Amino acid sequence: MTDNFSEVSTKLRNIIDGLGKTDEYEFHFSSISGADVTSRFGDVENIQYHNDESLTITCIDGKRKGVASTNNLSDESIKSTIEKSKKIASYLEVDPYQGLAKENLVNELDIECSINFPKKFTTDQLIEMTVACEKSALDFDKRINNTEGSEYGYSQSKNLILNSHGAVGSYSSTSYTLSCVVIAEENGLKERDYAYTTKRNFERTESAKKIGELSAKKAVSRLGAKSISTRKCPIVLTPELSTGLFSSFLSAINGNNIYKKNSFLSNYLNKKVFSNHINIFEKPNKPEGLGTKPFDGDGVKTFEKPIIKEGMLDTFLLDTYSARQLNLKSTANSGYANIIVESTKEMSSNLIESIDNGILVTEMMGSGANMLTGDYSRGAFGYLIEKGEIKHPVTNFTIASNMLDMFNNIEHIGSDVYENSKIQCGSVMISDMTIGGN
C-alpha cells in the first residue's frame, strides 16, 4: 500500500480542481495490500504478497460517459488517463440521464468507520495458521482422506473518491479470511464440504482448529445420502443459503433492474412482498460490518434505511444513474452495505425442532433464479427432518417455487445469524415448497 496516501489525495484534488467546469470528472483511487497463503496436506502450495494501486477516471462530456484506468500515478500517466476518458466519451451516444452525483456528497477524508484493524504477520505465522486449519480437519475423522487445501488471506485497503461537484471522501478497511475444503469417503462414496470465516478484525475470526473441524464435520455428515420422493413440505434454509435468497431479492430491487423493467418486483413499491413479520433494513455504519462504508460508489453519503417494513417494500436501491431514470433520488446504493433481516416473531436458535416432516437444505446448485418472472428452481442437497430431528442426508432433488411465494411463505427466521456476509440473517423456514425427487 502506498505510504503517502495523504499526498496522493492532495495531488488528485489539485488535478481535479484544475480541470475546469466544462466537463464533469470523478476520480476513484484504491490502494490494496495483503497476502494469501494456500496449503495442501501440510505442504505450502502458494505464498503471494500483493500491493496494488488503481486510479479510475470517469469523464462526463456532454452527457456522454467515458471511463479509463491506470496503475501509474505519475503526472504524465494521470494526464493521459484523463484524456483517454474524454476520448472514450466522445465516441458514445448522448444519454440525458448521465452525470455525476451532485447532492448529499461526502466531504471528509480519513473517515473512521470501525472497519480498519491493521495487523502485521510474519510469513511463518501465515503458514502456521493455514497448515493448522487443514490438519485439524484431517485429524477430525478417519473418513476425511482427501483435501482441496486450506487458504488464509488478509488485506488492508484505502479508498478515495473525488468529483467535480465537491465530493471528497476516503476511508480504510481490513479483511481477514480463513477457509478449508475437505473430502470425506466411505464405502466408495465421496462427499465434499467446506467452512470459512471472514472478519474485519483478526481478533474476531474463528480459530484455525474450529474452521478445520467444522469443514470435516460437514463433509462427514453428508455421507450416506439417499434420494427422496417428490412432495410438498416445509424447508429450512441454512443461514448461508438464506443470505443467497435475500441477495436475489436485493438484485430484484436494484435500480438498474427496475428502470429496465427487468425485475418481477418493478411494480411492488409500497406493496406487500414478504410475510408481515419480516423487516429488512440497511445499516451502512455497523461497526466491523463486512458491508460498512461511509459513501457509495458515486460519492453519496450512505445512511440507514428501511427496505422492508412489516412485509412491505419501502424503497428500491438506487444509484445516481438509475434514480434519474426513475425520476427519484439516489438512495446511496451504488452497491449495498450491511443488510439486516429480522422478524417480529420469536427468533429460535433451532428451527428444525418445530418441523414434523420437512427438509433442511444446506447446498444449492445452479443459477435458477429468474429476475424477470421470479421463478425459482435449483438442484439441492440437504437432510430429511422427521419429528423435529435430522434423519439422514438426502440428495438429487430440486426445490421449485416463485420467489414472491417463497418470500410470503417465510414462517420463521432463526437467531443463528450468519456473519460471513454483508447480509445478516439466520436460518429461514419456508412452508409449502415443491420438492422434485424420484
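Calculation rules
Residues numbered from 1 in each chain as written. Predicted model: local features only at pLDDT ≥ 70, side-chain atom pairs only at ≥ 80, totals over all residues. Heavy atoms only, no water. Helix = DSSP H or I, 4+ residues; strand = E, 2+ residues; numbered from the N terminus. Buried < 20%, exposed > 50% of the residue type's maximum accessible area, 1.4 Å probe, protein only. Contact = heavy atoms within 4.5 Å. Areas by Shrake-Rupley, 256 points an atom, 1.4 Å probe, with all protein chains shown as cover. Lys, Arg positive; Asp, Glu negative; His and termini not counted. Charge placed at Lys NZ, Arg CZ, Asp CG, Glu CD. Salt bridge = Lys/Arg side-chain N within 4 Å of Asp/Glu carboxyl O. Pairing = 2+ DSSP bridges. Phe/Tyr/Trp six-rings, centres within 6.5 Å; stacked < 30°, edge-to-face > 60°. Lys NZ or Arg CZ within 6 Å of the ring centre and 35° of its normal.

Peer 1: For this particular structure, what's the right way to read the overall build of the chain?
Peer 2: Check the secondary structure of the chain and you find eight helices and 18 strands. When burial is assessed residue by residue, the chain has 50% of its 438 residues classed as buried. Contacts in the chain between residues at least 24 apart in sequence constitute 72% of all its contacts with a sequence separation of at least 6. Counting only carbon and sulfur atoms, one obtains 45% of the accessible surface of the chain, whose full area is about 20200 Å². A gap of 4 Å separates the mean positions of the 48 positive and 57 negative side-chain charges of the chain.

Peer 1: What is the right way to look at the pattern of salt bridges in this model?
Peer 2: Opposite charge on two side chains permits pairing when their charged atoms draw close. One pass over the full model with this rule turns up 19 salt bridges. The salt bridge involving Lys 11 is made with Asp 75; its shortest N-O contact spans 3.0 Å. Residue Lys 11 is located in helix H1 (residues 5-17), and its partner Asp 75 is located in helix H2 (residues 75-91); the two are separated by 64 residues in the primary sequence. For Lys 11, a relative accessible area of 29% gives the class partly exposed.

Peer 1: Could you clarify how one ought to interpret the sheet that holds strand S10 (residues 305-309) in this entry?
Peer 2: Note on sheets: strands pair through backbone hydrogen bonds, and any given pair is parallel or antiparallel. One open sheet accounts for five strands, arranged S11-S10-S9-S12-S17; its pairing is mixed. Whereas interior strands pair on both sides, the edge strands pair on one side only; in this sheet they are strand S11 (312-313) and strand S17 (423-424). Two elements, strand S9 (residues 278-282) and S10, share three bridges in a ladder whose sense is antiparallel. When the bridges of S10 are listed, Ile 280 appears paired with Ile 308.

Peer 1: Teacher, can you tell me more about the pairing of strand S14 (residues 375-386) here?
Peer 2: The side chains of a regular strand alternate, first on one face of the sheet and then on the other. Sheet topology note: the strand S13 (residues 357-365)/S14 ladder contains eight bridges and is antiparallel. Looking at S14, one finds that Met 364 is bridged to Ala 380. Pairing analysis gives 11 bridges linking S14 to strand S15 (residues 389-402), with the strands arranged antiparallel. Counted as the bridge partner of Gly 379 is Thr 398 from S15. Taking the residues that link successive antiparallel strands as the turn, the S14-S15 hairpin has two residues, and the phi of Lys 387 there is positive, at about 50°.

Peer 1: What exactly am I supposed to notice about the pairing of strand S3 (residues 65-70) here?
Peer 2: Residues of S3 alternate between two faces, with Gly 66, Ala 68 and Thr 70 buried on one and Lys 65, Val 67 and Ser 69 left unburied on the opposite face. Alignment of strand S2 (residues 43-60) against S3, held across six bridges, turns out to be antiparallel. Pairing of Leu 55 across the sheet is with Thr 70, part of S3. Joining the antiparallel neighbours S2 and S3 is a turn of four residues, in which Gly 62 adopts a positive phi near 60°.

Peer 1: Which parts of the structure should I look at to understand the environment of Gly 66?
Peer 2: Here Gly 66 lies in strand S3. Judged by its relative accessible area of 0%, Gly 66 falls in the buried class. Setting aside residues no more than four positions away along its own chain, Gly 66 makes contact with Ile 57, Thr 58, Cys 59, Ser 85, Ile 88 and Ala 89.

Peer 1: Explanation requested: the packing of aromatic side chains in the structure shown.
Peer 2: Centre distance and the angle of the planes are the two values used to describe a pair of aromatic rings. Here the structure, examined in full by the defined rule, presents 15 aromatic pairs. With 6.0 Å between their ring centres and 70° between their planes, Phe 121 and Tyr 152 make a pair best called edge-to-face. Of the two residues, Phe 121 sits in the loop between strand S4 (107-111) and helix H3 (123-140) while Tyr 152 sits in strand S5 (residues 144-163), which places them 31 residues apart along the sequence. The buried category is assigned to Phe 121, whose relative accessible area is 12%. Each ring, one from Phe 274 and one from Phe 407, has its centre 4.4 Å from the other, and the planes form 20°; the classification is stacked. Here Phe 274, found in the loop between helix H6 (255-259) and S9, pairs with Phe 407, found in helix H8 (residues 403-408); they are 133 residues apart in sequence, far enough to count as distant. For the pair shown, Phe 274 and Phe 407 are each scored as buried. Pairwise contacts between aromatic rings join Phe 121, Tyr 152, Tyr 154, Tyr 176 and Phe 202 into one cluster. Across the ring face of Phe 303, the terminal group of Lys 305 is positioned such that the distance to the ring centre comes to 4.3 Å.

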